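Overview (structure and organization)
Given next are the chains, with one letter for each unit.
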Amino acid sequence: ELAERSAEVYQSLVWQDPAFEGFYVAATPIGELSRLAMGSRPAARGGGAVSLQKLRAIPWVFSWAQARLFLPAWYGLGTAVDDFEADRGAGATEMLQDLYRESPFLTGVIDVMEMALAKVDLSVARRYADLAPQPDADRIWELIASEFERTQAAVLRISGREKLLDAAMALQRSITLRNPYVDSLSEMQVMLLARLRAMPEDDPDREEMRRLVQLTVSGVAAGLQNTG
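In short, a report on the structure. Every value quoted in this text rests on a predicted model; they were computed, and no experiment measured them.

**Quick word on unusual backbone geometry**
For the peptide bond that leads from Q134 to P135, omega is 10°, which places it in the cis range. Along the polypeptide, P135 turns up in the loop between α8 (122–129) and α9 (136–159). Positive phi outside glycine occurs at R68, with the angle close to 65°. Summarising the element assignment, R68 is placed in the loop between α4 (57–66) and α5 (77–88). Overall, the relative accessible area of 0% leaves R68 in the buried class. Positive phi values are uncommon outside glycine, yet L165 reaches one of about 65°. Tracing the chain through its elements places L165 in the loop between α9 and α10 (169–198). In this structure L165 comes out as buried when scored by relative accessible area, which is 4%.

Following this line, the structure appears as structure tokens:
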């Protein structure tokens, strides 16, 4: 039930919102990532311009990590849990808490999602979202930010913890210590992406600007310890 509802919410944004693909391409460095060698295959099937239909899984996840959102890891669960609790009434939250303690599968899913949520930085991600064209950018951003808040609250209710990663203090501390350094690289990446995309295709400095963007990609990936 949770899987079906969360999938519906995820698909309503990623596949059914006609403005989402344009937002995604502008608000992440996926266009620039598609020029990098990642794994043994091209970023997109068939080559050419980036599109959701052709994109492979690794660059899809990697681009959201670079934008500090990790969206594929969590989007949809918050609404699914809220709806489950509303439909089942009293005792629904306790039922989910029991499942979390007793089901190794659900424990694993929630714990991995919790780690992804802990690495999200909405203030930094908003800077990437500002690269996307209006009028749809603000609307899509509000959908993402609202679902993040719902999902974070749902994970904490299910786990019974006060803060994300309270049960993994070493990881929690590691993320807290690394983030200020990664934030600076993310800010630099946003600035360089804006400059690169504003350059004419025949600008002689374009390749050097792209190389600088790619260096920030490597730095952010190393700092977050996530590639996709």
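**Observations concerning α5**
Taking 1.5 Å as the rise per residue, α5 with twelve residues should run 16 Å; its terminal C-alpha atoms sit 16 Å apart, in good agreement. L77, G78, T79, A80, V81, F84 and E85 are the residues of α5 that are buried. After α5 finishes, the residue G89 shows a positive phi value of roughly 75°.

**Considering α9**
The end-to-end C-alpha distance of α9 is 35 Å, a good match for the 34 Å that 24 residues give at a rise of 1.5 Å each. After α9 finishes, the residue G160 shows a positive phi value of roughly 80°.

**As for the packing of aromatic side chains**
Centre-to-centre distance and the angle between the planes together describe a pair of aromatic rings. The full count for this structure, using the stated rule, is seven aromatic pairs. Aromatic side chains W74 and Y75 sit 5.8 Å apart centroid to centroid with 50° between the ring planes, which places their arrangement in the tilted category. Under the relative-accessibility criterion, W74 is labelled buried at 1%. On the basis of relative accessibility, which here comes to 8%, the residue Y75 falls in the buried class. Aromatic rings pair up to connect F20, Y24, W60 and W64 into one cluster.

**A look at the side chain of T151**
Secondary-structure assignment places T151 in helix α9. By relative accessible area, which is 0% here, T151 ends up buried. For T151, the side chain forms a polar contact with the main-chain nitrogen of G78, separated by 3.0 Å. Excluding residues within four positions of it along the chain, T151 makes contact with W74, L77, G78, M113 and L117.

Basis of the calculations
Residues numbered from 1 in each chain as written. Predicted model: local features only at pLDDT ≥ 70, side-chain atom pairs only at ≥ 80, totals over all residues. Heavy atoms only, no water. Helix = DSSP H or I, 4+ residues; strand = E, 2+ residues; numbered from the N terminus. Buried < 20%, exposed > 50% of the residue type's maximum accessible area, 1.4 Å probe, protein only. Expected span 1.5 Å × (residues − 1). Phe/Tyr/Trp six-rings, centres within 6.5 Å; stacked < 30°, edge-to-face > 60°. Polar contact = N/O pair within 3.5 Å; in protein donor to acceptor, adjacent residues only side chain to side chain. Contact = heavy atoms within 4.5 Å.

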